[in-house]
Number of protein chains: 2
Amino acid sequence: MLAKVSKNRLKYLAGLKLKKHRSEEGVFVVEGEKLVAEALNQQAVEVISVIGLEGWWIENRLKYKGLDSNFELVGEADLRRISSFAEPNQVLAICRQPDWALDETILAQDVSLYLDDITDPGNAGTILRIADWFGIRHVFVSPGSVEVFNPKVVQASMGAIFRVRVLAWDFGAFREKFPQVAVVTSELKGENIFKVHLPKGLLLVIGNESKGISAAILDSDSLRVSIPSAPGGGAESLNAAVAAGIICACIRNN
Amino acid sequence: MLAKVSKNRLKYLAGLKLKKHRSEEGVFVVEGEKLVAEALNQQAVEVISVIGLEGWWIENRLKYKGLDSNFELVGEADLRRISSFAEPNQVLAICRQPDWALDETILAQDVSLYLDDITDPGNAGTILRIADWFGIRHVFVSPGSVEVFNPKVVQASMGAIFRVRVLAWDFGAFREKFPQVAVVTSELKGENIFKVHLPKGLLLVIGNESKGISAAILDSDSLRVSIPSAPGGGAESLNAAVAAGIICACIRNN
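Note that the coordinates shown come from a computational prediction; the quantities given were computed from them, not determined experimentally.

### Side note on the nonpolar core
Membership of the largest hydrophobic core comes to 158 residues, with the highest contact counts inside it found for A:Phe134 and B:Phe134. For A:Phe134, the residues in contact, after removing those within four places along its chain, are A:Gly245, A:Cys248, A:Ala249, A:Arg252, B:Ile227, B:Pro228, B:Ala230, B:Leu238 and B:Ile246.

Now the structure itself:
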């Protein structure tokens, strides 16, 4: 029988619900059976500890190599205390925040994304999932965007957080370092994304949910594209993640 | 000076946070300055009452005709009690749930959507917003889907709830009544949505977030389409609203 975790340890684990503590410790939390299984099966991100209910342990203890040495048993009330969700699952994992390297060859030849102050964690996670689906390797994140290790971002990414290289970069610094990468922005008067021809190496900017793309980026030299709305359409705009999905789909299928 | 609302009235208004009460009263709640302005400016849905802070009232009282007769003044604490959101805005409006009619001519000639047990309110609202953007007039909703008058759906729809005809229909009943409308489902092995030719009158089914499209619909005679993923992509699927957005964009631009 495994020993239950100590009060101090519980306090530490519950503290990881805060960005401050996650950053200090350089870790993030993955919740739920599906994502924890993915964390244990993938190679790119280190799993430091798995915390779960006895039922999960009995069912999964032989499935993963070395799980014996980093599993911590908790009861339902304690799991609820550690979890960031109203309805915690049976298990969660503490993972090391990956320190992704930038691949300049891919950057020069392929699509990358830039999250320009995306503040909704669901949108940020959904955009990582889109990048993962379309094989986009780099997602750059502005300083004003939501923390990508926020539990809601991790959840909405559906495992993309283990695969897509997420890099914190200020736009100005990026532009200065990589002037050869074309910047693509979307706006109402841009060229129809279904017809435009874009260069191979490009950075697609996804603007803030209410303010859109920041003036500094729009003022820089960018290629402007648009998703045509129907003549009878009434919406002012599309959700940021939906727009990102449509533009990525078009780029990949042009 | 306007009189503040009574305790009983406050209790009634706070009760509208529950689906049960919204259904019984046949109303829904629209929150925030932007959406309330839209509610007051549009014609399709009746605004029964506007409830707001004094600051909002002073700034907006002359902007809207007849607002005098249906404005109710509340303080911040009361607005917080009525609001479904952690951070209520300055104002909200109680609107009559529209009883949309189905237009068979449009149905036969254009794209309609079917939400097959979409349970996430953010997804449902985002899909209504997509329909609105692409001028899609009808969105049918399965009995197992989230209530479309849920405040989070209304919020995510960004006003589409005032324009798109939302109709509760069981799939079987729809199929029986409109056998001439082609049913389109998306799945991994379907035809590439960027290349397929689809009939004009079609019903695009958006499946449940975790279970996908229900067996009864897949077993029926449907045209299967897919959004190609990149060879290097790792994600198992796309978010339901993102997939809906990509397919609608392709249908409108083919």
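### Here's the deal with the relation of the copies chain A and chain B
The transformation that overlays chain A on chain B combines an axial shift of 0.0 Å with a rotation of 180°, and the residual RMSD is 0.0 Å. The symmetry that links the two subunits is that of a two-fold axis. Comparing interface residues between copies, 100% of those in chain A also lie at the interface in chain B; the contact surface is shared.

### Things to note about the packing of aromatic side chains
Per the stated rule, a full pass over the model turns up 21 aromatic pairs over all chains. Plain terms: the ring middles of A:Phe28 and A:Phe162 are 6.5 Å apart, the flat faces sit at 40° to each other, and that makes the pair tilted. Here A:Phe162 lies in the loop between helix H9 (151-157) and strand S7 (165-168) and A:Phe28 lies in strand S1 (residues 27-31), a separation of 134 residues in the sequence. For the pair A:Phe28 and A:Phe162, a shared accessibility class is recorded, and that class is buried. Look at B:Phe28 and B:Phe149: their rings are 4.9 Å apart centre to centre, the planes differ by 35°, and that puts the pair in the tilted class. Taken together, the residues span a long stretch of sequence, with B:Phe28 in strand S1 (residues 27-31) and B:Phe149 in the loop between strand S6 (138-141) and helix H9 (151-157) at a distance of 121 residues. Looking at B:Phe149, the relative accessible area reads 12%, which means it is buried. Taken together, the ring pairs in this structure connect A:Phe140, A:Trp169, A:Phe174 and A:Phe178 into an aromatic cluster.

### Focus on the interface of chain A and chain B
Opposite the 33 residues of chain A that make contact, chain B presents 33 residues. For the pairing of chain A and chain B, the buried interface totals around 2,900 Å² over both sides, and the portion due to carbon and sulfur atoms is 63%. Considering only the surface of chain A that becomes buried against chain B, A:Arg129, A:Trp133 and A:Phe194 emerge as the three largest contributors, covering 25% of it. Along the contact surface separating chain A from chain B lie two salt bridges. We note a salt bridge from B:Lys34 to A:Glu236, for which the minimum N-O separation is 3.2 Å. The interface formed by chain A and chain B holds twelve residue pairs in polar contact (both at pLDDT 80 or more) in total. Contributing elements (two or more residues each) for the side of chain A that touches chain B: helix H8 (121-133), strand S8 (182-192) and helix H12 (240-253) of chain A. Looking at which element gives the most residues to the side of chain A that touches chain B, the answer is H12(A), with eight residues. When its residues are assigned to classes, the side of chain A that touches chain B shows 15 nonpolar, eleven polar and seven charged.

### Side note on unusual backbone geometry
Residue and element names in this part refer to chain A. For Asp117, which is not glycine, the phi torsion reads 60° and is therefore positive. Within the secondary structure, Asp117 is located in the loop between strand S5 (111-115) and H8. Even without being a glycine, Met158 presents a positive backbone phi close to 50°. Its place among the elements puts Met158 in the loop between H9 and S7.

### Some points on the sheet that holds S1(A)
All names here are of chain A. Taken in spatial order, the four strands of this open sheet run S1-S4-S2-S3, and their pairing is mixed. The sheet is open, and its two borders are formed by S1 and strand S3 (71-73), each paired with just one other strand. Direction aside, the axes of adjacent strands within the sheet are offset by 20° on average. Two strands pair when backbone bridges link them, and strand S2 (residues 47-52) and S3 are joined in this way by three bridges, in the parallel orientation. Bridging from a neighbouring strand, Ile51 pairs with Glu72 of S3. Against the sheet, helix H3 (residues 33-41) makes contact with S1, S2 and strand S4 (91-96), and its axis sits at roughly 40° relative to S4, the strand it touches most.

### Some details on a positive patch on the surface
The grouping of A:Lys7, A:Lys11, A:Lys17 and A:Arg81 at the surface amounts to a positive patch. By secondary structure assignment, the location of A:Lys17 is in the loop between helix H1 (7-15) and helix H2 (19-25).

### Some thoughts on empty space enclosed by the protein
Residue and element names in this part refer to chain B. Within this structure, the stated rule accounts for one cavity of 30 Å³ or more. Space inside the largest cavity adds up to approximately 40 Å³. Surrounding the largest cavity, Leu13, Leu16, Lys17, Val29, Glu31, Ile82, Ser83, Ser84 and Pro151 form its lining. Tallied by class, residues from the lining of the largest cavity come to five nonpolar, two polar and two charged.

Here is what the cut-offs are and how they apply
Residues numbered from 1 in each chain as written. Chains lettered and ligands numbered in written order. Predicted model: local features only at pLDDT ≥ 70, side-chain atom pairs only at ≥ 80, totals over all residues. Heavy atoms only, no water. Core = buried A, V, L, I, M, F, W, Y, C linked by side-chain atoms within 4.5 Å. Buried < 20%, exposed > 50% of the residue type's maximum accessible area, 1.4 Å probe, protein only. Contact = heavy atoms within 4.5 Å. Least-squares fit on C-alpha atoms with pLDDT ≥ 70 in both. Phe/Tyr/Trp six-rings, centres within 6.5 Å; stacked < 30°, edge-to-face > 60°. Helix = DSSP H or I, 4+ residues; strand = E, 2+ residues; numbered from the N terminus. Buried area = accessible area lost by both parts, 1.4 Å probe. Salt bridge = Lys/Arg side-chain N within 4 Å of Asp/Glu carboxyl O. Polar contact = N/O pair within 3.5 Å; in protein donor to acceptor, adjacent residues only side chain to side chain. Nonpolar A, V, L, I, M, F, W, Y, C, P; charged D, E, K, R; others polar. Pairing = 2+ DSSP bridges. Axes fitted to C-alpha atoms, helices over the stretch in contact; angles between N-to-C directions. Patch = residues over 30% accessible without salt bridge, like charges linked within 9 Å, V, L, I, M, F, W, Y side chains within 5 Å. Areas by Shrake-Rupley, 256 points an atom, 1.4 Å probe, with all protein chains shown as cover. Lys, Arg positive; Asp, Glu negative; His and termini not counted. Charge placed at Lys NZ, Arg CZ, Asp CG, Glu CD. 1 Å grid on protein atoms, 1.4 Å probe; cavity = no way out; pocket = protein on both sides within 12 Å on 5 of 7 lines; lining within 4 Å. Points joined across faces, edges and corners; volume = space filled by probe spheres on them.

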